[in-house]
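# Structural overview for review
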Amino acid sequence: MTITKWAAYAAGSGELIGYHVREDLDGGGKTFTWEGPNGERGLGGFPTRELALYTPVDIRGSEYAVLCEGERATDALAKIGIPAYGTTCGASGTPSTEALEDFVLDRKKLFLWADNDSAGEGHMSAIATELTNMGAGNINVVRWDEAPPKGDARDAVEMNVDVQHLLNTALPIGPVITRKGSVWSIRWTGLPITVQVRNIKPKLDSFKAEVRVFHKGRQVHRSNPTLDSTSGMDQLRRTLERRLPGEDISADWGWAR
């Protein structure tokens, strides 16, 4: 069995809160636990979302940074000279605004690298939403199409993938619009939302259409709003907020006007 420990600090104050402990078992598999500063079990109730992002080196001042899930993936990127941070709260959590501030700083470009599974994608989707709410710009999603199941940045480095090429071809979050016949599809890179607009018809001085909204592939709404009506789009937004509790979809998605 191999045990690895990473120090965990409070976002903002920098106080040592404890250690993230990984145990790699001899027969395969792994476990994660938290350990206090003096070896006690757990973090004494400290919320993991309030922990600072992990980084093995000081990368303040770098023009760009990559955010991935976990310390091992972050270490792998740092070893090849990529300025990287890692989340420590687990895929089910989202780092706090204060924790994400170090990642944003005044950087010209931000990259999100999700583990290749639904939990990892959901994790980075939530972070993308949080960064957008913070006013961060130029947020990009790394796409590694050949990634193995659950594959992450560490796997890419170990498999000698051209990481710089992945960064150069990363896609910005935001609406990506495609058309097939009379159906327009809008998806948001890095976010689990897809919208289909079909049957666009003029009505007096306005335009109506059938709008279907999908969340993680599941249809959650269908209506026929007036596309160029502010009140119509606001009503659609309020409806989606009720149907997707916990998902921040209050921002302007870029297709209502």
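Note that this is a predicted model, so its numbers are computed, not measured.

### Here's the deal with the overall build of the protein chain
- A tally of helices and strands in the protein chain yields 6 helices and 13 strands.
- Each of the three principal axes of the protein chain carries a C-alpha extent, and together these read 70 × 40 × 40 Å.
- Counting the 257 residues in the protein chain, one finds 42% classified as buried.
- Within the protein chain, counting contacts between residues at least 6 apart in sequence, those at least 24 apart form 46% of the total.
- Counting every atom, the protein chain has about 13900 Å² of accessible surface; 48% of that belongs to carbon and sulfur.
- Each charge class in the protein chain can be summarised by its mean position, and for the 30 positive and 34 negative side chains these summaries are 11 Å apart.

### Focus: the pairing of strand E13 (residues 218-223)
- In this sheet, E13 lies alongside strand E12 (residues 206-215) in antiparallel orientation, the contact comprising 5 bridges. For Val 213, the partnering residue across the bridge sits in E13 and is His 221.

### Here's the deal with the sheet that holds strand E4 (residues 64-69)
- As summarised here, the arrangement of the 5 strands in space is E5-E4-E6-E7-E8, forming an open sheet in which the pairing is mixed. Looking at the sheet topology across the chains shown, the edges are occupied by strand E5 (84-87) and strand E8 (171-172).
- Examined bridge by bridge, E4 and E5 share 4 bridges and lie parallel to one another. Opposite Cys 68, over in E5, you have Gly 86 as the bridge partner.
- Sheet strands touched by helix H1 (residues 71-79): E4, E5 and strand E6 (109-113). Its angle to E4, the strand with the most contacts, is close to 145°.
- Across the face of the sheet, helix H3 (residues 118-133) comes into contact with E4, E5, E6 and strand E7 (139-141) while running at roughly 140° to E4.

### Section: the sheet that holds strand E1 (residues 2-9)
- Pairing within the open sheet is antiparallel, and its 3 strands lie in the order E1-E2-E3. Strands with a single pairing partner mark the edges of an open sheet, and in this sheet they are E1 and strand E3 (30-35). Averaged over all pairs of adjacent strands, the angle between strand axes in this sheet comes to 20°, irrespective of strand direction.
- In the sheet, E1 pairs with strand E2 (residues 16-24) via 8 bridges, with the strands oriented antiparallel. Residue pairing for E2: Thr 2 is matched across the bridge by Asp 24.

### A closer look at the environment of Gly 14
- Within the element layout of this structure, Gly 14 appears in the loop between E1 and E2.
- By relative accessible area, Gly 14 is classed as partly exposed at 40%.
- Separated by 37 residues in the primary sequence, Gly 14 and Leu 51 have C-alpha atoms spaced 9.0 Å apart.

### Quick notes on H3
- Spanning 16 residues, H3 covers 23 Å between terminal C-alpha atoms, matching the ideal 22 Å at 1.5 Å per step.
- Taken as a whole, H3 has its buried residues at Gly 120, His 123, Met 124, Ser 125, Ile 127, Ala 128, Thr 129, Glu 130 and Leu 131.
- Close packing links the buried residues of H3 with E4, E5, helix H2 (97-104), E6 and E7.

Parameters and conventions
Residues numbered from 1 in each chain as written. Predicted model: local features only at pLDDT ≥ 70, side-chain atom pairs only at ≥ 80, totals over all residues. Heavy atoms only, no water. Helix = DSSP H or I, 4+ residues; strand = E, 2+ residues; numbered from the N terminus. Buried < 20%, exposed > 50% of the residue type's maximum accessible area, 1.4 Å probe, protein only. Contact = heavy atoms within 4.5 Å. Areas by Shrake-Rupley, 256 points an atom, 1.4 Å probe, with all protein chains shown as cover. Lys, Arg positive; Asp, Glu negative; His and termini not counted. Charge placed at Lys NZ, Arg CZ, Asp CG, Glu CD. Pairing = 2+ DSSP bridges. Axes fitted to C-alpha atoms, helices over the stretch in contact; angles between N-to-C directions. Expected span 1.5 Å × (residues − 1).

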